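# Inside the fold
The primary structure of each chain is shown beneath.
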Amino acid sequence: MPNTTLRFENLRRRFGRLSVLEGVSGEVAPGQALLVTGPNGSGKSTLLRCLAGLLSPEKGTIEYREDEKVLETEERRRRVGYVAPDLALYSELTVAENLEFFARIRRTGPERGFEVLDRLGLPTDRMAGALSSGMRQRLRWAWALLHRPQVLLLDEPFQNLDAGGEQGTRALLLEHLDRGGLAVVANPSNLEIDRVAGHLDLGR
Amino acid sequence: MLQVTSTSAAETALPLRFTWLSEVVAVFVKDWRCEFRTRYALNTLALFAFTTMVVVSISLGPIGIDRARGTKVLPVLLWVILLFSVAAGLPRAFVQEEESQTATALRLSATPSALFCGKLLYCLTLVGALELLVTPVFVTLMNLEVVSPALLAGTLAAGGYGLAVGSTLVAAIIAQARTKGTLFSVLAFPVLLPLLLLVVELTFNAVAGGGGGVALSQLLLYDASVTVAGLMLFPVVWNP
Amino acid sequence: MKTISAWLLWLWVSLVIVGAFYYAPLAEGFQGGSSRILFFHVPMAWASFAGFIAAAVWSVRYLMTRDLRHDRSAYVAVQLGLVFGVLATITGAIWARIEWGAYWNWDPRQTSILISLLFYGAYLALRGAVEDPEKRARLSAAYAILGLVVTPFLYWIMPRLTFSLHPEPVVNAEGKPKMQSEILQVLMASGIGFTALFFWLHNLQTRIQALAERKSAAREQGYGS
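Residues numbered from 1 in each chain as written. Chains lettered and ligands numbered in written order. Predicted model: local features only at pLDDT ≥ 70, side-chain atom pairs only at ≥ 80, totals over all residues.

Moving on: the overall build of chain A. Along chain A, the regular secondary structure elements total 6 helices and 9 strands. Whereas a compact globule of 204 residues would reach a radius of gyration of roughly 17 Å, chain A reaches 16 Å, a difference of no more than 12%. For chain A, the spread of C-alpha atoms along the principal axes amounts to about 45 × 35 × 35 Å. Here chain A holds 204 residues, and the buried ones make up 47% of them. Sequence separation of at least 24 residues holds for 76% of the intrachain contacts in chain A that already meet a minimum separation of 6. (Helix = DSSP H or I, 4+ residues; strand = E, 2+ residues; numbered from the N terminus. Rg over C-alpha atoms; globule rule 2.2 N^0.38 Å. Buried ≥ 20, exposed ≤ 12 C-beta atoms within 10 Å, placed from the backbone. Contact = placed C-beta atoms within 7 Å.)

On to helix H1 (residues 44–52) of chain A. Residues and elements named next belong to chain A. Most of H1 is tucked away, with 9 of its 9 residues classed as buried. Within the span of H1, buried status applies to Lys44, Ser45, Thr46, Leu47, Leu48, Arg49, Cys50, Leu51 and Ala52. With its phi angle positive at about 90°, Gly53 sits one or two positions after the end of H1.

Residues and elements named next belong to chain A. Across the sheet, 4 strands lie side by side as E2-E1-E4-E5; this open sheet has antiparallel pairing. Each of the sheet's edge strands pairs with one partner strand only, and the pair in question is strand E2 (18–28) and strand E5 (69–70). Here strand E4 (residues 59–66) runs beside E5; their pairing, made up of 2 bridges, is antiparallel. Within the sheet, the bridge partner assigned to Glu66 lies in E5 and is Lys69. Sitting on the sheet, H1 touches strand E1 (4–15), E2 and E4, and the angle it makes with E1 is about 125°. (Pairing = 2+ DSSP bridges. Axes fitted to C-alpha atoms, helices over the stretch in contact; angles between N-to-C directions.)

Time to look at the interface of chain A and chain B. Counting residues at the interface gives 30 residues for chain A, matched by 25 residues for chain B. The element best represented in the side of chain A that touches chain B is helix H3 (residues 95–105) of chain A, accounting for 4 residues.

All names here are of chain A. A large share of strand E7 (residues 151–155) lies buried, amounting to 5 of its 5 residues. Burial of the side chains of E7 extends over both faces: Val151, Leu153 and Asp155 are buried on one face and Leu152 and Leu154 on the other. Direction of pairing for strand E6 (residues 80–83) relative to E7: parallel, over a ladder of 4 bridges. What sits directly across from Val80, in E7, is Val151. Across 5 bridges, E7 lies against strand E8 (residues 182–186) in parallel orientation. Following the sheet pairing, Asp155 is matched in E8 by Ala186. Remark: the E7/helix H6 (residues 163–178)/E8 crossover connection has right-handed handedness. (Right-handed = clockwise from strand over helix to strand, strands pointing away.)

A:Leu153, B:Ala171, B:Ile173, B:Leu187 and C:Leu126 are the most contacted members of the largest nonpolar core, which has 187 residues in total. Per element, the largest residue contribution to this core is 16 residues, and it comes from helix H8 (residues 180–208) of chain B. Not counting the four nearest positions on each side in its chain, B:Ala171 is found in contact with B:Leu90, B:Pro91, B:Ala93, B:Phe94, B:Val95 and B:Phe184. (Core = buried A, V, L, I, M, F, W, Y, C linked by C-beta atoms within 7 Å.)

Note that C:Val130 resides in the loop between helix H4 (108–128) and helix H5 (133–165). Beyond its immediate stretch of four places on either side in the chain, C:Val130 contacts B:Gln176, B:Ala177, C:Lys135, C:Arg136 and C:Leu139.

Before going further, it helps to spend a moment on the packing of helix H4 (residues 111–120) of chain A against helix H5 (residues 133–145) of chain A. Residue and element names in this part refer to chain A. With their axes 8 Å apart at the nearest point, H4 and H5 run at an angle of 150° to one another. Classified by the interaxial angle, the pair formed by H4 and H5 is roughly antiparallel. Relative to H5, the crossing made by H4 is right-handed. Residues Arg112, Gly113, Val116, Leu117 and Leu120 of H4 touch H5, and the partners they reach there are Arg138, Trp141, Ala142, Trp143 and Leu145. Split by residue class, the contact of H4 with H5 holds 7 nonpolar, 1 polar and 2 charged. (Parallel < 35°, antiparallel > 145°, perpendicular 65-115°, else oblique. Left-handed = near helix turned anticlockwise from the far one by under 90°. Nonpolar A, V, L, I, M, F, W, Y, C, P; charged D, E, K, R; others polar.)

So, about the sheet that holds strand E3 (residues 33–37) of chain A. Residue and element names in this part refer to chain A. Taking strand neighbours across the sheet as the criterion, the 5 strands line up as E6-E7-E8-E3-E9 in an open arrangement whose pairing is parallel. Looking at the sheet topology across the chains shown, the edges are occupied by E6 and strand E9 (196–201). Taking the axes of each pair of neighbouring strands and ignoring which way they run, one obtains an average angle of 10° across the sheet. Both E3 and E8 contribute to a ladder of 4 bridges, which runs parallel. Along E8, the bridge assignment pairs Val36 with Ala186. Against the sheet, H1 contacts E3, E6, E7 and E8, and its axis sits at roughly 155° relative to E7.

This part takes up the confidence of the model for chain B. Residue and element names in this part refer to chain B. Averaged over all residues, the pLDDT of chain B is 89; the fraction at 70 or higher stands at 90%. Model confidence for chain B, summarised as mean pLDDT per element, is weakest for helix H3 (residues 67–89) at 87 and strongest for helix H7 (residues 149–174) at 97. Counting contacts from residues 1–15, a segment whose pLDDT is below 50, to residues more than four positions away or on other chains yields 21 contacts. Here the prediction assigns the complex a pTM of 0.90, and the interface score ipTM is 0.93. (pLDDT = per-residue confidence, 0-100.)

Rendered as structure tokens:
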């Protein structure tokens with residue numbers, strides 16, 4: 001995997017009158033995970049959305065670098081995998097159809113997605129709309145890893161997962177870090193890993 | 001703007017097996033697959049179009065409208081029906097993505113130009129289906145004699161394209177706003193007005209006899225302009 | 001400097017008004033003194049269209065720089081374009097009533113102004129429906145540019161339609177081949193005056209808008225009342 005690094009500085013983001021992110025900075029090297037903690041409403045999800053490119057910060061910079069070269073938006077998109085509670089896939093399509101569609105969109109094959117689903121134990125012929133919350137979370141993981149990203153942005157990644165699911169996804173995260181990928185994890189909930197780039201506490 | 005992107009293997013870890021075009025087709029297929037399973041857009045379009053046609057037909061009276069007046073008024077009515085049906089059923093192409101929160105996944109995975117073209121293709125086929133449904137019924141119901149069916153077909157094709165491309169872009173814009181229902185009509189109608197004037201004139205010529213003339217080339221130019229504007233503006237609208 | 005230019009503008013416009021009523025003769029073929037509307041109605045229409053184009057230009061600048069000040073300028077340009085457009089429509093309708101007996105005739109120019117008013121209204125409606133400033137700027141910039149792409153078609157199509165759909169040709173004053181030089185002079189002067197007025201108001205309004213934004217931002221942080 002190429003050496004992708006992430007650095008963000010002085011991020012500021014407001015919603016109307018509410019200042020959600022103020023002067024937030026951080027840096028993550030390959031093979032490391034940045035753990036983001038803080039109470040509800042402290043801006044963890046907002047930070048991850050900014051890092052994913054779903055939201056633009058009013059001030060500050062976000063830089064993904066690969067071998068010293070700063071990545072453009074298109075390249076960023078190809079390298080980032082994102083898991084979040086509000087991420088939904090098409091409920092009128094089956095799990096398999098969803099993965100195949102998004103694989104096509106990312107111009108790759110769906111094999112990796114099916115592989116992850118297999119490991120996490122999710123059948124592929126069910127309608128995505130008919131999944132339980134735990135199964136939906138597994139599908140999110142499969143979707144995030146579909147294109148073999150170098151960066152994982154995880155917002156409450158173990159939400160709704162039972163013990164087996166949590167174990168499986170944790171293992172996937174560790175493998176990702178082992179391969180030299182980096183991760184930013186919000187609400188890590190007892191995530192004990194030694195490859196920690198740092199703790200970012202957004203609480204005040 | 002329309003380019004097939006391919007990246008050398010050294011640039012990225014994942015294999016780019018497919019092209020821009022296959023992405024467009026994937027979006028198109030996905031939209032139709034979802035549509036067939038819910039039938040929402042087709043039902044809305046068909047229901048709206050037929051209801052409006054019935055209202056128009058009944059309002060004109062049981063005997064219908066005499067030929068002289070009919071030639072002037074009926075082309076307008078046909079396009080009003082098409083326009084309003086499109087406004088009722090088309091915005092869903094983008095609004096649905098935002099409302100069901102699948103837009104996030106799309107934003108993170110799709111190439112904007114491919115997404116726009118895929119959605120455009122989907123909207124085109126919806127408009128085409130609408131026209132195929134509405135026009136024969138309308139012509140029959142109103143006893144409309146068409147002197148030049150070829151011109152009518154051409155107008156429906158080029159005009160339908162214009163409706164689709166303008167509506168797709170405006171739908172993308174309003175999908176991210178509140179009060180999406182009325183906002184679409186408010187934003188789309190000024191944009192579609194030149195189109196409407198041109199297609200009414202051409203339809204009138206098709207019915208009464210008369211060539212396409214300069215109006216046809218203006219219509220094609222309009223279609224081209226809005227397409228280019230759409231391709232350039234969509235990434236701005238779609239990405240933060 | 002600002003005060004001097006404000007006074008200069010006042011002087012210019014006053015001269016235009018005086019010139020409109022005392023210097024320029026009455027145009028032939030118009031009822032009584034109604035031709036004097038020309039000096040106000042036409043420049044207001046120009047100013048309205050200038051607003052449209054200015055909004056599009058600022059929208060492009062915003063998209064290229066993502067500087068919200070350009071977005072603010074575009075927004076104010078549309079607001080002013082709407083105001084001037086409404087005034088132009090009203091003065092035009094009054095004139096039409098005097099000359100042609102009806103307030104509205106679907107004359108090409110009347111219709112064009114009306115359609116641009118629809119665009120302004122749509123732009124403002126869009127802005128009202130988006131809360132986030134960055135998203136609002138992005139979406140309204142895109143719409144303004146789309147509007148600019150589409151409106152030239154109206155100007156190409158309009159002249160043809162009055163012949164095919166409306167039997168009686170409607171004569172418009174600007175189409176007069178010969179205009180007495182005094183009339184032309186005052187008209188040009190008025191055009192310059194109204195354009196200057198537009199930009200002066202634009203400058204004023206953008207500053208007011210900026211201050212209003214700073215005030216509400218300060219209020220959030222707990223300063224002042």
